[in-house]
Amino acid sequence: MTREAEISAKLREVEGRIAAAAIRAGRNRNEIQLIVVTKNFPLSDAQILYDLGMRAFGENRDQEGSLKSEQLPSDITWHFQGQVQSRKIKSIASWADSVHSLDSLDHARKFSSYQEGKLRTFFIQVNLEPLRVDRGGVSSEELEPLLEAIYSQTQVRPIGLMAVAPAQVEPQRAFAQMQEIRSRLLASFPELTALSLGMSGDFEAAIAAGATHLRIGSSILGSRVLPA
Ligand SMILES: *Cc1c(COP(=O)(O)O)cnc(C)c1O
């Protein structure tokens with residue numbers, strides 16, 4: 001089987017599962033965006049996905065995303081979803097159309113200085129494992145003060161929240177927590193409607209919980225050779 005045929009078959013299978021999960025949840029498929037996570041996969045795979053009609057790709061590293069975005073057509077939307085490092089923000093802002101992993105006022109200020117009229121979208125990453133600070137994201141309690149500061153002090157306008165379900169809890173529980181957090185925040189921040197939830201192992205549960213953006217890699221592209 002060619003790589004094209006392999007990716008095409010897996011993409012169709014994932015698309016089918018997304019459509020079925022949307023129907024089960026009584027949701028419109030059109031309100032759910034599939035972002036294919038191309039991190040650690042070669043440019044040629046991203047090109048195949050482009051030829052299959054995909055236009056939204058996710059990357060975790062600045063250098064890799066920057067290289068791929070330079071070499072692929074310009075009508076692709078690039079989503080940065082790795083941990084943001086302050087010194088990389090200028091470069092990330094040069095290629096990423098969307099940042100899913102914003103978690104500090106300082107970083108929002110830096111992104112704000114590189115907005116230059118660009119309609120970049122932002123998600124605030126929520127850390128659902130308060131004991132693990134190495135993962136990025138803010139705790140539920142930190143969200144309101146952070147959002148207030150971002151809205152009042154920067155040009156950055158978050159459209160929603162992002163989270164990765166912790167490995168040791170049921171994704172349903174983690175995603176239900178995110179739904180509650182979103183409902184709570186919507187009272188003060190009505191623009192925070194998006195939910196970036198769901199990866200290869202848990203995207204159906206994410207759709208049931210109201211996810212608007214799915215970040216799926218290995219179910220479509222296979223196992224990564226390199227570590228994530
Ligand atoms: C790698 C990664 C994904 C995709 O994971 P898969 O299990 O390959 O689907 C999604 N979100 C984030 C933040 C990631 O780092």
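Bear in mind that the values here come from a model prediction, so they are computed numbers and not experimental data.

### Topic: the overall build of the chain
Scanning the chain from N- to C-terminus turns up nine helices and eight strands. Relative to its full complement of 228 residues, the chain shows a buried share of 51%. Counting 26 positive and 27 negative side-chain charges, the chain places the centres of these two groups 1 Å from one another.

### Comments concerning the environment of Gly-136
Along the polypeptide, Gly-136 turns up in the loop between β5 (121-125) and α6 (143-153). Given the relative accessible area of 7%, Gly-136 is considered buried. Measuring from C-alpha to C-alpha, the distance between Gly-136 and Asn-30 comes to 30 Å, with 106 residues separating the pair along the chain. Apart from residues lying up to four places away in sequence, Gly-136 is in contact with Gln-83, Asp-103, Gln-125 and Asn-127.

### Comments concerning unusual backbone geometry
Notably, Asn-40 is not glycine yet its phi reads approximately 65°, a positive angle. When its relative accessible area of 11% is taken as the criterion, Asn-40 is described as buried.

### Quick notes on the site of the ligand
In the vicinity of the ligand, the residues found are Val-37, Lys-39, Asn-60, Gln-81, Val-164, Met-199, Ser-200, Arg-215, Ile-216, Gly-217, Ser-218 and Arg-224. Asn-60 is positioned with one of its side-chain polar atoms (N or O) 2.8 Å from an oxygen atom of the ligand. Note that an oxygen atom of the ligand is positioned 2.8 Å from one of the backbone N or O atoms of Gly-217. Bound to the protein, the ligand loses 88% of the 390 Å² it would expose on its own. Its residues assigned to classes, the shell around the ligand shows four nonpolar, five polar and three charged.

### A short note on the nonpolar core
Considering soluble globular proteins, one finds that nonpolar side chains tend to be buried as a cluster. In this structure, Phe-111 and Ile-220 are the most contacted members of the largest nonpolar core, which totals 63 residues. Looking at this core, the element that brings in the most residues is helix α1 (residues 3-24), giving six residues. Excluding anything up to four places from it in sequence, Phe-111 contacts Val-84, Ile-89, Ile-92, Ala-93, Val-99, Leu-102, Arg-120, Phe-122 and Val-156.

### Concerning the packing of aromatic side chains
All told, the structure shown has five aromatic pairs when counted by the stated rule. Relative to Trp-78, the ring of Phe-57 has its centre 5.5 Å away and its plane inclined at 70°; by these criteria the two rings are edge-to-face. A residue pair is termed long-range when its members are at least 10 positions apart, and Phe-57 in strand β2 (residues 56-59) and Trp-78 in strand β3 (residues 77-80) qualify at 21 residues. No difference in accessibility class separates Phe-57 from Trp-78, as the two residues are buried. Residues Trp-78 and Trp-95 carry aromatic rings whose centres are separated by 6.5 Å and whose planes lie at 80° to one another, so their mutual orientation is edge-to-face. A residue pair is termed long-range when its members are at least 10 positions apart, and Trp-78 in strand β3 and Trp-95 in helix α4 (residues 89-95) qualify at 17 residues. Owing to a relative accessible area of 5%, Trp-95 belongs among the buried residues under this scheme. Each member of the aromatic cluster is reached from another via a ring pair, and the members are Phe-57, Trp-78, Phe-80 and Trp-95.

### Things to note about the side chain of Arg-182
Inspection of the secondary structure assignment puts Arg-182 in helix α7 (residues 171-186). With no salt bridge to any partner, buried Arg-182 finds its closest opposite charge in Glu-31, at an N-O distance of 7.8 Å. Those residues in contact with Arg-182 that lie beyond four places of it in its chain are Leu-161, Leu-192, Thr-193, Ala-194, Leu-195 and Gly-210.

### Some remarks on the packing of helix α5 (residues 105-113) against α6
Here α5 crosses α6 at 25°, and the two axes come no closer than 10 Å. Considered as vectors, α5 and α6 are oriented roughly parallel to each other. By crossing handedness, the relation of α5 to α6 is classed as right-handed. Contacts from Leu-105, Ala-108 and Arg-109 of α5 reach α6 at Leu-146, Ala-149, Ile-150 and Gln-153. Taken together, the residues that form the contact of α5 with α6 break down as five nonpolar, one polar and one charged.

### As for the packing of α1 against helix α2 (residues 43-51)
α2 packs onto α1 with a crossing angle of 60° between their chain directions and a minimal axis gap of 10 Å. Accordingly, the angle class assigned to the pair α1 and α2 is oblique. The two elements α1 and α2 cross, and the hand of that crossing is right-handed. The segment α1 lies against α2, with Arg-3, Glu-4, Ile-7 and Leu-11 engaging Asp-45, Ile-48 and Leu-49. Each residue belonging to the contact of α1 with α2 can be placed in one class, and the counts come to four nonpolar, no polar and three charged.

Rules of the game
- Residues numbered from 1 in each chain as written.
- Predicted model: local features only at pLDDT ≥ 70, side-chain atom pairs only at ≥ 80, totals over all residues.
- Heavy atoms only, no water.
- Helix = DSSP H or I, 4+ residues; strand = E, 2+ residues; numbered from the N terminus.
- Buried < 20%, exposed > 50% of the residue type's maximum accessible area, 1.4 Å probe, protein only.
- Lys, Arg positive; Asp, Glu negative; His and termini not counted.
- Charge placed at Lys NZ, Arg CZ, Asp CG, Glu CD.
- Contact = heavy atoms within 4.5 Å.
- Near = heavy atom within 4 Å.
- Polar contact = N/O pair within 3.5 Å; in protein donor to acceptor, adjacent residues only side chain to side chain.
- Areas by Shrake-Rupley, 256 points an atom, 1.4 Å probe, with all protein chains shown as cover.
- Nonpolar A, V, L, I, M, F, W, Y, C, P; charged D, E, K, R; others polar.
- Core = buried A, V, L, I, M, F, W, Y, C linked by side-chain atoms within 4.5 Å.
- Phe/Tyr/Trp six-rings, centres within 6.5 Å; stacked < 30°, edge-to-face > 60°.
- Salt bridge = Lys/Arg side-chain N within 4 Å of Asp/Glu carboxyl O.
- Axes fitted to C-alpha atoms, helices over the stretch in contact; angles between N-to-C directions.
- Parallel < 35°, antiparallel > 145°, perpendicular 65-115°, else oblique.
- Left-handed = near helix turned anticlockwise from the far one by under 90°.

Any link to function would need more than the numbers given here.
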